[in-house]
Each structure stands twice: as C-alpha cells, then as structure tokens.
Amino acid sequence: MGKILGIDLGTTNSLAAVWQEGKSVLIPNSFGEYLTPSVVSFGEGSMVYVGKTAKERLVSHPDQSVAVFKRFMGTDKKYKLNGKKYRPEELSAFVLRKLKEDAQLYLGEMIEEAVVSVPAYFNDKARKATKNAGELAGLKVERIINEPSAAALACRGGESKEDETFLVFDFGGGTLDVSLVDCFDNIVEIIAVSGDNHLGGSDFDEEIARQFCREHGLEFDGISSQRRRIILESANRAKCGLSEKKDIVMKVTDGDFKGQMDLDNKKLIKASASLFQRISVPVKKVLNDGKKNMLDISKAVLVGGSCKMPAVQQYLRHMMGGYHLTVMDPDYMVALGTGIYAGIKERREDIKDLLLTDICPFTLGTGIFNEGDAKRTLMSTIIERNSVLPCSRRAHFQTVFDYQKHVAVGIYQGEEYYADNNIHLGEVKVDVLPALKGKETITVDYTYDINGILIVDVEVDSTGEKKRQVITTGEDNIPPEEMGRRIAELEKMTFHPADQEENQMVTAWGERLYAQTTGVLRDEIGKRLDHIQHLLYAEQNPYKAKKWKRKMESFFKDVENYLNDVGIDWGQEDIDSWYVEESEDNEEQQEEDWLWYNGHLTH
Ligand code: ADP
Ligand code: MG
C-alpha cells in the first residue's frame, strides 16, 4: 500500500502530515513552512497560485483571488474569478493539489490516497464536497475524519495512555468547535461535539477594524472593499502581535490615508465583548450532552490559531475555574492527528490497534403518529446525535388504527420536533396483519457508519416479513461491488452490545452473585447490573459497555473472593474499608453515583 497523506484542510490554513517511523510528522511546503494559506489566486493564462503568494495577491488582485471558501463547501455558491465560475470544492481542490504536490516532492514518492479532516458540524453535502475536492486533486479520500477527533488523537500521540476525559477547544479563523473526549485503553471516544459556525479569528479582526474606523471617523460598512481589506489585514497583524507583546500600534496606510491606533488586550476584550460571551455556550452544551460537569474534566486542549490569543486563554482559564489548559501546538494538532489516522489506515504495525470512535453529528429517526394533529407526524429518535459510530439502534413500534394494513417507516435526519421539518431520507413500507390497534408490532433497526451509509431494516414481528433500505447520505455513485463490500462489513459487526457473548457472560455472573448475596452487597451488585442494562439496552453503546464490563469484572472478582475466602475472617472493619476503596478511589463510580442521585440515569 502506498503512503496515505493526512490533510487538515483549514478555512485559513491547510497542512499535511504522514505517519513516519512511528510518529506523525508534518510536511513542509515549497517555502519550507508547514502552514499553507487556503487561498487561491488566478494569474495570466492558466496560471494558478495557491498559498502564500495567493494570499499576497488577495490585496493586489482582489478580483482574481479568493479565501475562506471552505465556509461554503457543499452549497451552490459560485465564485466568479477571471471570467470563470468556480464552486467551493473546485477551489479546495487547488489547495489539495498543492499540498499533494509539495508532499510528493518532499517525500520523493507519488501519493494517491488521503485522510482529510473536516469540522464536526459539516453536513453530508459538505463532506461529500470535500471528497469530491480530493477526487479533483487526484486523491482518493480514504476517510473523512472530524477535526476535533484528529486533535484528540494527536493529543494522545497515537499511544494508549491512562484513562481521561478532556475538552478539545478548536478556535480557528471562522469557527469554534468544542468536543468532549473520553480516552480509555486504546479507545479515543468522542462523547459530544458542539460549536459556533460563525465565531472565529476573523470576527476579532473585524471588531478591531470597526474600532479603528470609529476612532478615525470612517464607516466600516461604507468604505471601499479594498480599503476594508487593508484595515482588516492590519487589524489581524495587530491581533497576532498581541500574542507576543502587551500592546501594539496598528498602522494603516492606503493611498493618501494614514492612521494608527494603540491596542492592548484590555481594549481588544472591550471591543469584542460579545464574541467572548459566545465562547462559553458550546462548552456548556457538550458538558450537558455528555452528562459531565467541569469536575470530570482533566484538561482542555487548545487547538487552532485563535487559541494563541492571550485574552482567549485567560478567558478559558477563568471559565474552567482554574482547570489545566494544555496548549501544545495549536496550529498543528489537527494535521498531526490526520497523520496518525493515515498511519492507522495504512495498517502500520506500530499503531494499528488504536481505535478512534467518532460520533454522528445529527439525529436519525422516524415519524410517528401524532395524537394531537394527525396530519403532522412527530420525530421519534432512533440514533441520537452524538451516538458513537458505527452504530446500530433498535426500536419497536405498534399500529395506531384498528385493522391497519400497512406501516410506513419514514426515515428522517435532523433535530426538529415535527418529522416533516427534518430532512426526509426515505421510507420503508411493510404489510401487517389486520388486528386491533396496538396488537401488530414492528422492529426497526438503524445502522449507520462514518461514511454516511444508513441501513434501515424493518421486520413485522407477527409474520417475520423483512424489508431493507440502504441510504447513502454521504456520496452518490458508489459502484455496486463497493457498496456490497461496505454493507457486508457493517453486517459483520455485532452492534447490539446486548447480543455479545462477553457482555451476556458478565451480566449472568452478576445475576448469580446477586442471588448469592444479601444486604448492602446485594444492593451494590444490583445497582451495577441496572447500570449495565441501561448501557446495553437503552444507550446501546458498545464502547461504554466495554469500559463498564471491565470495571464490573474486577468488582465481581472481589465479591467472589470475599464469598469464597472462608479462610479469612472478614471483620466488619474489613468490609468497610473495602467499600471505601471502591467508591473513593473510583472516580467513575462517584460520577455514576452522582448521576443516579440526580436522576440522569433512571429509566
Ligand atoms: P482554520 O482552522 O480556520 O484554518 P487556524 O486554526 O489556522 O484556522 O486559525 C486561523 C486564525 O487564527 C486566524 O483568524 C488568525 O488570525 C488566528 N491567529 C493565528 N495566529 C495567531 C496569533 N499569534 N494570535 C492571535 N490569532 C492568531
Ligand atoms: Mg482548523
């Protein structure tokens, strides 16, 4: 297998990395720099500039140059440049081609495959557009990986280290992405993601530029686009300067116009107060979604250029209440992670057992009868957003009318209360036996993988009739053999953790011990059994179940020893100390207890 290139295709800057000699290494571009600005500029004839030169031309040739097109990936937006129209994915393809060519020169070999990272909030269209961009650049995109997941991988350095839960805070040029990550054994699990698609470094540039205009009697929205660009450029330089110096003088020269403004962090914070307020919103959201609180978090990993701002770092420290901030290489983390993932994809010996789980960024469900308004079906969740992928969830439904003949299972994607406000992906219709309402039941299985293939299986419980629909939300035109292979791959995995023998074994073990014991010990065992039941049947999360199985086994072993060890006289004291150890040393248990008492896990 040839080399796979890991690519961080950023809004502002793009980078490439490969897995080499047991680690992920960044690849310098033709200027010997790791960061290639995601800017494209068209020159005379067929000349195309990408990167640093193109960025210079943004000011000198604004009509032929373009930046921040990543924001519009997957939309119909067109850019008219040099009399030709370009789609965002075509522009991205120029950037990818440049990264590919620079990497080929540097590595001295041809590269045909890549792993490309995208923001977690990217929808299917934007992901598909990213794949197409790769295709246009002569790269087969082996996998699309979420940027925060890549950063989390980089943070673990591609090794399994001790268990921990942390936040990845990716603050780039145009977006803020916050993810809650849980690492245990060799598994890097993304528990929840959230973000703000319209909050990034360029918003600070704009606030500084507006402040400059206010101080110079200029109307920011009224000045020529060229002057605005010059002021924004200068605001950006001043902002970046503040990560090295306490205060700075922002200077603007444009023809006859000359102006300057003093800037320090206090002034910057004042000018952009509304931006700071928005930073904490997604942090609260991921903690809520992940059912965690700040006490569970071991650190925050800061990623993205805007995390270099001292004001941002201070704000985060304040928000997290003194928790540990890890500022590794804000510019490089995502790219380094794609390099690690490329290594995993190459099935390299030194890394292959590292497992990265990813999550579904939206909810998948079906429409159900609405008693209040029969015309508008309600959305019933089957795969909840933030579910670990690949995943499979089972749900049961029943008929709502007497002697109903068919059941139509509508397939929807989205977060809206009414099914028809969500995206309609398809429908599976089955026949049921005529009977009184509620008597006929169907079982629905949704199986979804990271590449956007959704398999919907519907079974009529009384007749055993089965129907399947396969929906590719990610890409069209997958050749049939390839599709067959992917479906077979998905089917091979036993997703329902409750069906797995090892999980059945540990449950059976617990049930036996429950029967054998009494009192407090019995309560303790019962509580753990309830919890694993919840993970297996309600959450159906195989990774959490695996983690819990391990903890449960060690607990049951202790119980077993206690029950069998007739030779030792267990005094009251011993039992006490043993319990204390369980609940004080075991943070996880404490957290679960807390959740129980707060009612999160009741069912
Ligand atoms: P993206 O992932 O969107 O491509 P990056 O992570 O490269 O973005 O971050 C780009 C943003 O970071 C830009 O808005 C840039 O101004 C900002 N930035 C880069 N370096 C610094 C710095 N030293 N101080 C403050 N902001 C910075
Ligand atoms: Mg980025």
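In the block above lies the structure referred to throughout.
Residues numbered from 1 in each chain as written. Chains lettered and ligands numbered in written order. Predicted model: local features only at pLDDT ≥ 70, side-chain atom pairs only at ≥ 80, totals over all residues. Heavy atoms only, no water.

1. Let's talk about the sheet that holds strand 25 (residues 423-431)
In step 1: In spatial order, the strands read 21-20-24-25; together these four strands make up an open sheet with antiparallel pairing. Two strands bound the open sheet, and with one partner strand each, they are strand 21 (378-383) and strand 25. Going across the sheet, the axis of each strand differs from the next one's by a mean of 30°, ignoring polarity.
In step 2: Summarising the sheet, strand 20 (residues 364-368) and strand 21 pair through five bridges and their orientation is antiparallel. (Pairing = 2+ DSSP bridges. Helix = DSSP H or I, 4+ residues; strand = E, 2+ residues; numbered from the N terminus. Axes fitted to C-alpha atoms, helices over the stretch in contact; angles between N-to-C directions.)

2. A closer look at the site of ligand 1
In step 1: The environment of ligand 1 is formed by 17 residues, the closest being Thr 12, Asn 236, Lys 239, Ser 243 and Gly 305.
In step 2: Here Asn 13 contributes a backbone N or O atom positioned 3.1 Å from an oxygen atom of ligand 1.
In step 3: One of the side-chain N or O atoms of Lys 308 is found 3.3 Å from a nitrogen atom in ligand 1.
In step 4: Considered on its own, ligand 1 offers 580 Å² of accessible surface; in the complex 86% of this is hidden by protein.
In step 5: Those elements that place two or more of their residues in the shell around ligand 1 are helix 5 (201-215) and helix 6 (225-241).
In step 6: The leading source of residues in the shell around ligand 1 is helix 6, at three residues.
In step 7: Across the shell around ligand 1, the residue classes break down as two nonpolar, 13 polar and two charged. (Near = heavy atom within 4 Å. Polar contact = N/O pair within 3.5 Å; in protein donor to acceptor, adjacent residues only side chain to side chain. Areas by Shrake-Rupley, 256 points an atom, 1.4 Å probe, with all protein chains shown as cover. Nonpolar A, V, L, I, M, F, W, Y, C, P; charged D, E, K, R; others polar.)

3. A few points about the packing of helix 13 (residues 519-539) against helix 14 (residues 542-564)
In step 1: Between helix 13 and helix 14, the least distance of the axes is 11 Å, while the angle of their chain directions is 160°. Accordingly, the angle class assigned to the pair helix 13 and helix 14 is roughly antiparallel. Every pair of crossing elements has a handedness; the one defined by helix 13 and helix 14 is left-handed. Residues Leu 521, Glu 524, Ile 525, Arg 528, His 531, Ile 532, Leu 535, Leu 536 and Glu 539 of helix 13 form the contact with helix 14, whose participating residues are Lys 544, Ala 545, Trp 548, Lys 549, Met 552, Phe 555, Phe 556, Val 559 and Tyr 562. (Parallel < 35°, antiparallel > 145°, perpendicular 65-115°, else oblique. Left-handed = near helix turned anticlockwise from the far one by under 90°. Contact = heavy atoms within 4.5 Å.)

4. Thoughts on the packing of aromatic side chains
In step 1: With the rule as written, the count across this model stands at 13 aromatic pairs.
In step 2: Here Phe 169 and Phe 171 contribute two aromatic rings whose centre-to-centre distance is 6.2 Å and whose plane-to-plane angle is 85°, an arrangement assigned as edge-to-face.
In step 3: Taking 5.9 Å as the distance between ring centres and 55° as the angle between the ring planes, the aromatic pair formed by Phe 555 and Phe 556 counts as tilted. The same class applies to Phe 555 as to Phe 556, namely buried.
In step 4: Joined through ring pairs, the aromatic side chains of Phe 169, Phe 171, Phe 204, Phe 276 and Tyr 315 make up one cluster.
In step 5: Over the ring of Tyr 79 we find Lys 77; its NZ or CZ atom is 4.9 Å from the centre of that ring.
In step 6: It is Arg 522 that lies over the ring of Tyr 514; its NZ or CZ is 4.4 Å from the centre. (Phe/Tyr/Trp six-rings, centres within 6.5 Å; stacked < 30°, edge-to-face > 60°. Buried < 20%, exposed > 50% of the residue type's maximum accessible area, 1.4 Å probe, protein only. Lys NZ or Arg CZ within 6 Å of the ring centre and 35° of its normal.)

5. So, a nonpolar patch on the surface
In step 1: A surface patch of nonpolar side chains, amounting to about 240 Å² of accessible area, comprises Phe 369, Val 400 and Phe 401.
In step 2: Note on placement: Phe 401 falls in the loop between strand 23 (391-398) and strand 24 (406-413). (Patch = residues over 30% accessible without salt bridge, like charges linked within 9 Å, V, L, I, M, F, W, Y side chains within 5 Å. Salt bridge = Lys/Arg side-chain N within 4 Å of Asp/Glu carboxyl O.)

6. Quick word on the nonpolar core
In step 1: Grouped together as the largest cluster of nonpolar side chains are 45 residues, with contacts concentrated most on Leu 167, Phe 169, Phe 171, Met 250 and Leu 268.
In step 2: Discounting residues that sit within four places of it in the chain, Met 250 has contacts with Ile 208, Phe 212, Ile 231, Ser 234, Ala 235, Ala 238, Gly 259, Gln 260 and Met 261.
In step 3: Counting 36 residues, the second-largest nonpolar core is a separate cluster that includes Trp 19, Cys 183, Val 193 and Tyr 341. (Core = buried A, V, L, I, M, F, W, Y, C linked by side-chain atoms within 4.5 Å.)

7. Topic: the pattern of salt bridges
In step 1: Evaluated as defined, the whole model comprises 25 salt bridges.
In step 2: Through salt bridges with shared partners, a single network forms among Arg 87, Glu 89 and Glu 90.

8. Here we look at the side chain of Thr 338
In step 1: Assignment of secondary structure puts Thr 338 in helix 10 (residues 333-345).
In step 2: Among the polar contacts made by the side chain of Thr 338, one reaches the main-chain amide nitrogen of Ile 7 at a distance of 3.3 Å.
In step 3: If sequence neighbours within four positions are ignored, Thr 338 has contacts with Gly 6, Ile 7, Asp 8, Val 115, Ser 117, Ile 145 and Ala 150.

9. Quick notes on helix 4 (residues 147-156)
In step 1: Of all 10 residues that make up helix 4, 10 are buried, and the element is covered over most of its length.
In step 2: Taken residue by residue, helix 4 has Glu 147, Pro 148, Ser 149, Ala 150, Ala 151, Ala 152, Leu 153, Ala 154, Cys 155 and Arg 156 as its buried positions.

10. Focus: the sheet that holds strand 27 (residues 453-460)
In step 1: What the four strands build is an open sheet, ordered 23-26-27-28; its pairing is antiparallel. With one partner strand each, in any of the chains shown, strand 23 and strand 28 (466-472) form the two edges of the open sheet. With direction set aside, neighbouring strand axes in the sheet form an average angle of 15°.

11. Some remarks on helix 14
In step 1: Here helix 14 contains 23 residues, and its C-alpha end-to-end distance of 31 Å stays within 8% of the 33 Å for a straight helix at 1.5 Å per residue.
In step 2: Residues of helix 14 that are buried: Tyr 543, Ala 545, Lys 547, Trp 548, Lys 549, Met 552, Phe 555, Phe 556, Val 559 and Glu 560. (Expected span 1.5 Å × (residues − 1).)

12. Points about the environment of Gly 510
In step 1: Counting through the fold element by element, Gly 510 comes out in helix 12 (residues 501-516).
In step 2: Through-space distance from the C-alpha of Gly 510 to that of Phe 556 is 6.9 Å; in sequence the pair is 46 residues apart.

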